[in-house]
Amino acid sequence: MMHLEADVFRKFDKQWALVTAGTPEHYNTMTISWGGLGTLWRRPVATVYVKKNRYTFEFMEQSDYFTVSFYPEAQRRALSLLGSTSGRDGDKVAAAGLTPEFLPQGITFRQAETTLVCRKLYCQDFALDQIPRDVQDIFYRDEPVHRMYIGEVVDIIGNESLANRP
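Description of the structure in this document. The model shown is predicted, which means the values in this text are computed figures rather than measured ones. (Residues numbered from 1 in each chain as written. Predicted model: local features only at pLDDT ≥ 70, side-chain atom pairs only at ≥ 80, totals over all residues. Heavy atoms only, no water.)

## Some words on the side chain of T29
- Positionally, T29 belongs in strand β2 (residues 26-32).
- In terms of polar contacts, T29 uses its side chain to reach the backbone carbonyl oxygen of V19, at 3.2 Å.
- Among residues more than four places away in sequence, those in contact with T29 are L18, V19, T20, T56, L82, K92, V93 and F109. (Helix = DSSP H or I, 4+ residues; strand = E, 2+ residues; numbered from the N terminus. Polar contact = N/O pair within 3.5 Å; in protein donor to acceptor, adjacent residues only side chain to side chain. Contact = heavy atoms within 4.5 Å.)

## Some remarks on unusual backbone geometry
- Non-glycine residue W41 carries a positive phi angle of around 55°.
- Topologically, W41 is positioned in the loop between β3 (35-40) and β4 (43-51).
- With a phi close to 65°, R42 is a non-glycine residue in the positive phi region.
- Examined against the element boundaries, R42 turns out to sit in the loop between β3 and β4.

## Quick look at the sheet that holds β3
- Taken together, seven strands build an open sheet; the order of strands is β2-β1-β5-β8-β9-β4-β3 and the sheet is antiparallel. Since the sheet does not close on itself, it has two edges, and those belong to β2 and β3, each with one partner. Averaged over all adjacent pairs, the angle separating strand axes in this sheet is 35°, with direction ignored.
- In terms of strand pairing, strand β1 (residues 17-23) meets β2 through seven bridges, oriented antiparallel. Looking at β2, one finds that A17 is bridged to I32.
- The strands touched by helix α2 (residues 55-62) within the sheet are β1, β2, β4, β5 (65-70), β8 (114-125) and β9 (146-158), with β2 carrying the most contacts at an inclination of about 120°.
- Helix α3 (residues 76-84) contacts β1 and β2 of the sheet and is inclined by roughly 110° relative to β2. (Pairing = 2+ DSSP bridges. Axes fitted to C-alpha atoms, helices over the stretch in contact; angles between N-to-C directions.)

## Focus on α3
- Residues of α3 that are buried include every one of A78, L79 and L82, and no others. Along the long axis of α3, the arc covered by the buried residues comes to 95°, so they all point the same way. Structural note: α3 exposes R77 and S84 on the side pointing more than 90 degrees away from its buried face. (Buried < 20%, exposed > 50% of the residue type's maximum accessible area, 1.4 Å probe, protein only. Arc of directions from axis to C-beta.)

## Quick look at the side chain of T20
- Tracing the backbone through its elements, the reader meets T20 in strand β1.
- Taking relative accessible area as the criterion, T20 reaches 1% and is therefore assigned buried.
- A distance of 2.7 Å separates polar atoms of two side chains, one belonging to T20 and the other to T29.
- Setting aside chain neighbours within four positions, we find T20 in contact with Y27, N28, T29, F66, T67, I107 and F109.

## Things to note about the nonpolar core
- Formed by 21 residues in total, the largest nonpolar core has its most connected members in V19, I32, V48, M60, F66, V68 and L116.
- For this core, the secondary structure elements donating two or more residues are β1, β2, β4, α2, β5, β8 and β9.
- It is α2 that contributes the most residues to this core, four residues altogether.
- In this structure, Y27, Y71, A78 and I107 belong to the second largest nonpolar core, which totals twelve residues. (Core = buried A, V, L, I, M, F, W, Y, C linked by side-chain atoms within 4.5 Å.)

## Things to note about the pairing of β5
- When you tally the buried positions in β5, you get five out of six residues, the bulk of the element.
- Sheet topology note: the β1/β5 ladder contains three bridges and is antiparallel. Residue pairing in the sheet places T20 in a bridge with T67 of β5.
- Summarising the sheet, β5 and β8 pair through six bridges and their orientation is antiparallel. Looking across to β8, one finds that S69 is bridged to T115.

Structure representation (structure tokens):
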């Protein structure tokens, strides 16, 4: 596994990322700005959050693996499109100009700087009654709560690896 050094707070909050799940025949991706990296149960993990009304949710539920991929600033428009358009409505990956790369355990895109391949370990919905009222008012007034997914990071793939693929 490749080594990763990064300001993880900046990676998610400022750079954004894509979370992707599914099969080469049927997958979906969405932009995320909430996430974390750390250690749980003596394993390196990535944590992401997906609302039940997002199309990606069904792929996260059905998949044993998901990827979290990070992009250079030049891909900001693509990530913006992928976060504001539903895959239910058409091929948003093509519209964003990204090239899918099918890995043995997941899907990423050739334009990614870094991709974390994650094996799903745990998931749970946020408990609304445990969320501070001001946060509820901002994020969950008319929306469902997020489901948290924790995945063991089983591989880290740099863009140089993707660029050298056939």
